[in-house]
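# Report on the structure
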Amino acid sequence: MPLSEQEQRLLDEMERHLMSNDADVVSAPQDGRSLSYRNIVYGTILVLAGLGGLIVGLSTQLIVVGVVGFVLMLGGVILAVTPTRSVRAPASAAPATGAPKTRTNASFMDRMNDRWDRRQEGR
């Protein structure tokens, strides 16, 4: 069922409002990269171990232990905040429905526009 003119105008206005006011939603990672909870946990463990090493190095005045602790902390932070590429399903696992494949890195609005166009072509 196609949208009426009023509904189309309202939808366009909502899209413009979203684009202008919710920049953080619009600029979400679209290239398939996201933070991994496993990396965040491992990074946090490394930061805590490094902090312990830094404190031990400072209290015993062993510079090498303090430097190693600092390097562990730095490596933990880098590990925790580095996004990882999400795993994509192999091509053979795609459903064989005959529907055209959509790009997984397309924005939400691009996918909705493609869907709308396909729907209009079917009429």
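No experiment lies behind these values; they were computed from the predicted model shown.

## Observations concerning helix 4 (residues 63–81)
If you check helix 4, its first and last C-alpha atoms are 27 Å apart, about what 19 residues at 1.5 Å a residue would give, namely 27 Å. Among the residues of helix 4, Gly-66, Gly-69, Met-73, Gly-76 and Ala-80 are the ones counted as buried. Seen along its axis, helix 4 keeps its buried residues to an arc of 85 degrees; they face one direction. Looking at helix 4, the residues exposed on the side facing more than 90 degrees away from the buried face are Ile-63, Val-64 and Val-71. Considering only its buried residues, helix 4 is in contact with helix 3 (37–60).

## Here we look at the packing of helix 3 against helix 4
At a minimum axis distance of 7 Å, the contact between helix 3 and helix 4 shows a crossing angle of 165 degrees. Here helix 3 is positioned roughly antiparallel relative to helix 4, judged by the angle of their axes. For the element pair helix 3 and helix 4, the recorded crossing hand is left-handed. Between helix 3, through Asn-39, Ile-40, Tyr-42, Gly-43, Leu-46, Val-47, Gly-50, Leu-51, Gly-53, Leu-54, Val-56 and Gly-57, and helix 4, the contact on the second element is made entirely by Val-65, Gly-66, Gly-69, Phe-70, Leu-72, Met-73, Gly-75, Gly-76, Val-77, Leu-79 and Ala-80. Residue composition of the contact of helix 3 with helix 4, by class: 14 nonpolar, nine polar and no charged.

## With respect to unusual backbone geometry
Phi at Gln-61 is positive, roughly 60 degrees, even though this residue is not glycine. With respect to the helices and strands, the residue Gln-61 is situated in the loop between helix 3 and helix 4.

Calculation rules
Residues numbered from 1 in each chain as written. Predicted model: local features only at pLDDT ≥ 70, side-chain atom pairs only at ≥ 80, totals over all residues. Heavy atoms only, no water. Helix = DSSP H or I, 4+ residues; strand = E, 2+ residues; numbered from the N terminus. Expected span 1.5 Å × (residues − 1). Buried < 20%, exposed > 50% of the residue type's maximum accessible area, 1.4 Å probe, protein only. Arc of directions from axis to C-beta. Contact = heavy atoms within 4.5 Å. Axes fitted to C-alpha atoms, helices over the stretch in contact; angles between N-to-C directions. Parallel < 35°, antiparallel > 145°, perpendicular 65-115°, else oblique. Left-handed = near helix turned anticlockwise from the far one by under 90°. Nonpolar A, V, L, I, M, F, W, Y, C, P; charged D, E, K, R; others polar.

Note that every value here comes from positions in space, so none of it alone points to a role or purpose.
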